[in-house]
Structures are given as C-alpha cells and as structure tokens.
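Residue strings, one per chain:
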Amino acid sequence: MSSDPNRLCVVTLVHGTWAIRSSWHQPGSRFRESVRAALETNGYQVEFARIAWSGRNRHDARRVACLRLRRKLRLLIGKHPTAQHVVVGHSHGGNIALRTIRRSAMLQSGIVGVVALATPSPPAEPQPCLFKPRVHRSCRRVDQGTCGCGIGRSHDVTRRPRLTRTDLAGGR
C-alpha cells in the first residue's frame, strides 16, 4: 500500500444516545473493518478516530459533545491536512456531527463528508402557520407537532400542508 498522505482517509466516529459502550465504534468492530476494507479496496489508507461523550439524551450533553468533536476534528485536520476527513455519527451522534460542522467554516472546508446513521430530526424552529397568517403569526406548540391555530385538524407546521377540498372551500 502506498504511503501517499493524499490517499489517507480519516474516519471519525461519534456514538449515539446511551451508546458509549456500543461495539460499532470500538477498535476491531465489524463496522470498522467493513469501512476499512471498502476504503482500502479503493486505494486509501484508513485511520479511525472517535470521541466519547456521556450519551445522555439532553441538549447540554450534546452541546458538550459538539465542543469535543470540534476540538478533535481541528487536531486531526491539523495533523493530516491533505487527508480526506469523514465523520460518521449514529443516532444523536449524527446531530452532533452536523451541528459541529455547520457552525465552523474551517471544518466545512476540511470535512469531505458526514454520514448520519438513524439520526433523529432536530427539533423544528417555530414556523409561521401557513393557514391563518393574520390570526396566528408564530406556532408555539412545535414540540407537539401542531400549531393549534384552529384550522379544525392537526397539521405539521414544519412542512407545507396538503390542502383538502374542505380547506379550499373554507369549511372546517
């Protein structure tokens, strides 16, 4: 195998909620060996890194994990500036990876890819209600998935709703 630093792929793994002891991100795991085999088949040398975080299902725990991941990625990019850097996150590990990279221009230019495995969607920001903008300017119950604007049925405020004939006729 070549020792060309341009053919190095650094894969950083981020476990998900409650998964600090899960096996997939540990050295010698089937996941790691599959990734290594695929990359080596394509001529890459592979180096794995990982961060450990509490795994608690809390916003503040994920925030601390973002800081750890940012620090780790900056060190890895500094150590291997010509390598291909990829982050793989499972569950909320995917959210941690996406949030960390989204907030850093340096990481955006240094990371070639993020793989988010079974990652839950982050909570939606309040969106204007699409049915009655004059009456209901901002949806306040996003955590429940509906805005409660009085349209007569629940609707997801994070997507444009599908209008029914009843809606178009002005009925409830």
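What you see is a predicted model; the values in this text were computed from it and never measured. Once a new chain begins, its residue numbering starts again from 1 and follows that chain's sequence as written. In view of the model being predicted, local features appear only for residues whose pLDDT reaches at least 70, and side-chain atom pairs are presented and counted only at 80 or more, with totals across whole chains, interfaces and linings using the full set of residues. With hydrogens and water stripped out, all remaining heavy atoms of the structure feed into the side-chain values.

## Some thoughts on the confidence of the model for the protein
Our working rule: The predictor's confidence in any single residue is recorded as pLDDT, a number from 0 to 100. Note on contacts: a residue pair qualifies if any of its non-hydrogen atoms lie within 4.5 Å across the two residues.
When pLDDT is averaged across the protein, the result is 78; 67% of the residues are at 70 or more. Taken together, the stretch residues 125-163 has pLDDT below 50 and engages in 56 contacts with residues farther than four places along the chain or on a different chain. Counting interchain partners and residues more than four positions distant, the pLDDT-below-50 stretch residues 165-172 has eleven contacts.

## A closer look at a positive patch on the surface
Keep this limit in mind: Patch rule: a residue counts if its relative accessible area is over 30% and it has no salt bridge; like charges are joined within 9 Å, and nonpolar side chains (Val, Leu, Ile, Met, Phe, Trp, Tyr) within 5 Å. Here the accessible surface of atoms and residues is derived via Shrake-Rupley with a 1.4 Å probe, and residues count as covered only by protein chains that are part of the display. A pair is scored as a salt bridge if a Lys or Arg side-chain nitrogen falls within 4 Å of a carboxyl oxygen belonging to Asp or Glu. Charge counting follows a simple rule: Lys and Arg are positive, Asp and Glu are negative, and His as well as the terminal groups are ignored. Note that the charge is assigned to NZ on lysines, CZ on arginines, CG on aspartates and CD on glutamates. For helices the rule is a DSSP run of H or I covering at least 4 residues; for strands it is a run of E covering at least 2, with both sets numbered from the N terminus onward.
Together, Arg68, Arg70, Arg71 and Arg74 give the surface a local cluster of positive charge. With respect to the helices and strands, Arg68 occurs in helix α2 (residues 59-79).

## Here's the deal with the nonpolar core
Soluble globular proteins: nonpolar side chains tend toward being buried together. Filter applied, for reference: Among buried residues, the Ala, Val, Leu, Ile, Met, Phe, Trp, Tyr and Cys ones that are joined through side-chain atoms within 4.5 Å form a nonpolar core. Buried means the residue's accessible area, taken with a 1.4 Å probe over protein chains only, is under 20% of the maximum for its type, while exposed means over 50%, and partly exposed covers the values in between.
Membership of the largest hydrophobic core comes to 15 residues, with the highest contact counts inside it found for Val14, Trp53, Leu69, Leu73, Val87, Ile96 and Ile111. Of all elements in the fold, only α2 and α3 (92-102) reach the threshold of two or more residues within this core. Once residues lying within four places of it in the same chain are set aside, the contact partners of Leu69 are Thr12, Val14, Ile51, Val87, Ile96, Ala97 and Thr100. Within the second largest apolar cluster, ten residues are counted, among which are Cys9, Trp24, Leu39 and Val88.

## Observations concerning the pairing of strand β1 (residues 8-14)
Quick reminder of the rule: At least two DSSP bridges between two strands are needed for those strands to be called paired. Handedness rule for crossovers: strands pointing away from the viewer, path from the first strand over the helix to the second running clockwise, crossover right-handed.
β1 sits mainly inside the fold: seven of its seven residues count as buried. Burial along β1 is two-sided: Leu8, Val10, Thr12 and Val14 facing one way and Cys9, Val11 and Leu13 facing the other are all buried. By the bridge criterion, seven bridges tie β1 to strand β2 (residues 45-51) in an arrangement that is parallel. Within β2, the position partnered with Val11 by the bridge is Phe48. The β-α-β motif built from β1, the intervening helix α1 (residues 30-41) and the parallel element β2 has right-handed crossover chirality. The pairing of β1 with strand β3 (residues 84-90) spans six bridges and is classified as parallel. Bridging across to β3, Val11 finds its partner in Val86.

## Thoughts on α1
Short version of the rule: Given a helix with a known number of residues, its expected span is that number minus one, times 1.5 Å.
Helix length check: α1 (twelve residues) gives 16 Å between terminal C-alpha atoms against 16 Å at 1.5 Å per residue, within 8%. A positive phi of about 85° marks Gly43, the residue just after α1.

## Quick look at α3
Burial of α3 is extensive: nine of the eleven residues sit out of reach of the surface. Here the buried face of α3 lies against β1, α2, β3, α4 (105-110) and β4 (111-117).

## Quick notes on the pattern of salt bridges
Using the criterion set out here, one finds three salt bridges in the structure. Between Arg36 and Glu40 there is a salt bridge, and its shortest N-O distance comes to 4.0 Å. Here the residue Arg36 and the residue Glu40 both occupy positions in helix α1, the gap between them amounting to four residues, near one helical turn. The class for Glu40 is partly exposed, based on a relative accessible area of 33%. With its nearest N and O atoms 3.1 Å apart, the salt bridge here joins Arg58 to Asp60. The exposure class of Asp60 is partly exposed, given its relative accessible area of 36%. One continuous salt-bridge network, built from bridges that share partners, spans Glu33, Arg36 and Glu40.

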